[in-house]
Amino acid sequence: MQVSHPASTGQCPAAMPGERSPEDALAYQLVRVSKLLRTMRSDAPRAHPAVDGTAYPLLFNLACGPLRTSTLAERTHVEVSTVSRAASALERHGIIERIPDPADGRAHLLSLTDDGLDALGALQEQRQEWFSELLSDWRAEDVAQLRELLTRFGDCVEAYRDKAL
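Being a predicted model, the structure only gives us computed values, none of them experimental.

Novice: Can you walk me through the packing of aromatic side chains in this structure?
Specialist: Each aromatic ring pair is characterised by the separation of its centres together with the angle its planes make. Applying the stated rule across the entire model yields one aromatic pair. With 5.2 Å between their ring centres and 80° between their planes, Trp130 and Phe131 make a pair best called edge-to-face. On the accessibility criterion, Trp130 (16% relative accessible area) is buried.

Below is the structure:
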């Protein structure tokens, strides 16, 4: 008895999103979009030619004011050592600076410089243009609904993570 491989009959489970559970189909699409966005990284806006795109969450968080490295790590969901390395690179490029922590003279806060604020403003403008182009054939209501659902999903992921800690 010969058993055919599901892919050879067009019945590959990975290729049949319609037969997945809703949760599995969602996971499949999230991974797909994540990978597509990663492959498009070179097309994504850049705030500064010498600044790695993975550092942008740091810039966005520092836009609200100076933060300790540990707080920035917590807000961006990465290790303190990762933030420290990224902060050193950003500091070398004049995007951020270390300032004394007024609450603890032994500690420092990370703060955006004027060049950092300019770079962040340019990034926000470029990002808006990029997403406007990506979503140009979407209705405004659909964009708003996606934003609302992604926000809700992100909140659920954070709550789940916090419960697991």
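Novice: What am I meant to see in a nonpolar patch on the surface here?
Specialist: On the surface, a cluster of nonpolar side chains totalling about 640 Å² of accessible area is made up of Leu26, Leu30, Trp138, Val143, Leu146, Leu150, Phe153 and Val157. Elements with a minimum of two residues in the nonpolar patch: α1 (22-39) and α6 (140-164). Per-element accounting of the nonpolar patch gives the leading share, five residues, to α6. By the element assignment, Val157 lies in helix α6.

Novice: What should I look at first to understand the pairing of strand β2 (residues 104-112) in this one?
Specialist: Consecutive residues of a regular strand have side chains that alternate between opposite faces of the sheet. Bridging between strand β1 (residues 96-101) and β2 involves six bridges; their strand directions are antiparallel. Its bridge partner being in β2, Ile99 is matched across the sheet by Leu109. The hairpin formed by β1 and β2 contains two residues between the paired strands.

Novice: Any chance you could explain the nonpolar core here in plain terms?
Specialist: Nonpolar side chains tend toward joint burial in soluble globular proteins. Ranked by size, the top nonpolar core spans 19 residues in total, and within it Leu59, Leu90, Ile95 and Ile96 carry the most contacts. Secondary structure elements with two or more residues in this core: α2 (56-62), α3 (69-76), α4 (80-92), β2 and α5 (114-134). The element contributing the most residues to this core is α2, with four residues. When neighbours within four sequence positions are excluded, Ile95 is seen to be in contact with His48, Val51, Leu59, Leu90, Ser111, Leu112, Thr113, Asp115, Gly116 and Ala119.

Novice: Would you take a moment to explain unusual backbone geometry for this structure?
Specialist: In most cases, non-glycine residues show a negative phi, while peptide bonds are predominantly trans. Here His77, not a glycine, exhibits a phi torsion of approximately 65°, which is positive. Along the polypeptide, His77 turns up in the loop between α3 and α4.

Novice: Mind showing me how you'd approach α4 here?
Specialist: In an α-helix there are 3.6 residues to a turn, and that puts residues three or four apart on one side. The terminal C-alpha atoms of α4, which comprises 13 residues, lie 18 Å apart, in line with the 18 Å expected from a rise of 1.5 Å per residue. Packed against the buried residues of α4 are α2, α3, β1 and β2. The positive-phi residue at the C-terminal boundary of α4 is Gly94, with phi of around 75°.

Novice: Which parts of the structure should I look at to understand the side chain of Thr69?
Specialist: In this structure, Thr69 sits in helix α3. Excluding residues within four positions of it along the chain, Thr69 makes contact with Val80, Val83, Ser84, Arg98 and Leu110.

Rules of the game
- Residues numbered from 1 in each chain as written.
- Predicted model: local features only at pLDDT ≥ 70, side-chain atom pairs only at ≥ 80, totals over all residues.
- Heavy atoms only, no water.
- Phe/Tyr/Trp six-rings, centres within 6.5 Å; stacked < 30°, edge-to-face > 60°.
- Buried < 20%, exposed > 50% of the residue type's maximum accessible area, 1.4 Å probe, protein only.
- Patch = residues over 30% accessible without salt bridge, like charges linked within 9 Å, V, L, I, M, F, W, Y side chains within 5 Å.
- Areas by Shrake-Rupley, 256 points an atom, 1.4 Å probe, with all protein chains shown as cover.
- Salt bridge = Lys/Arg side-chain N within 4 Å of Asp/Glu carboxyl O.
- Helix = DSSP H or I, 4+ residues; strand = E, 2+ residues; numbered from the N terminus.
- Pairing = 2+ DSSP bridges.
- Core = buried A, V, L, I, M, F, W, Y, C linked by side-chain atoms within 4.5 Å.
- Contact = heavy atoms within 4.5 Å.
- Expected span 1.5 Å × (residues − 1).

Keep in mind these numbers describe shape, not what the thing actually does.
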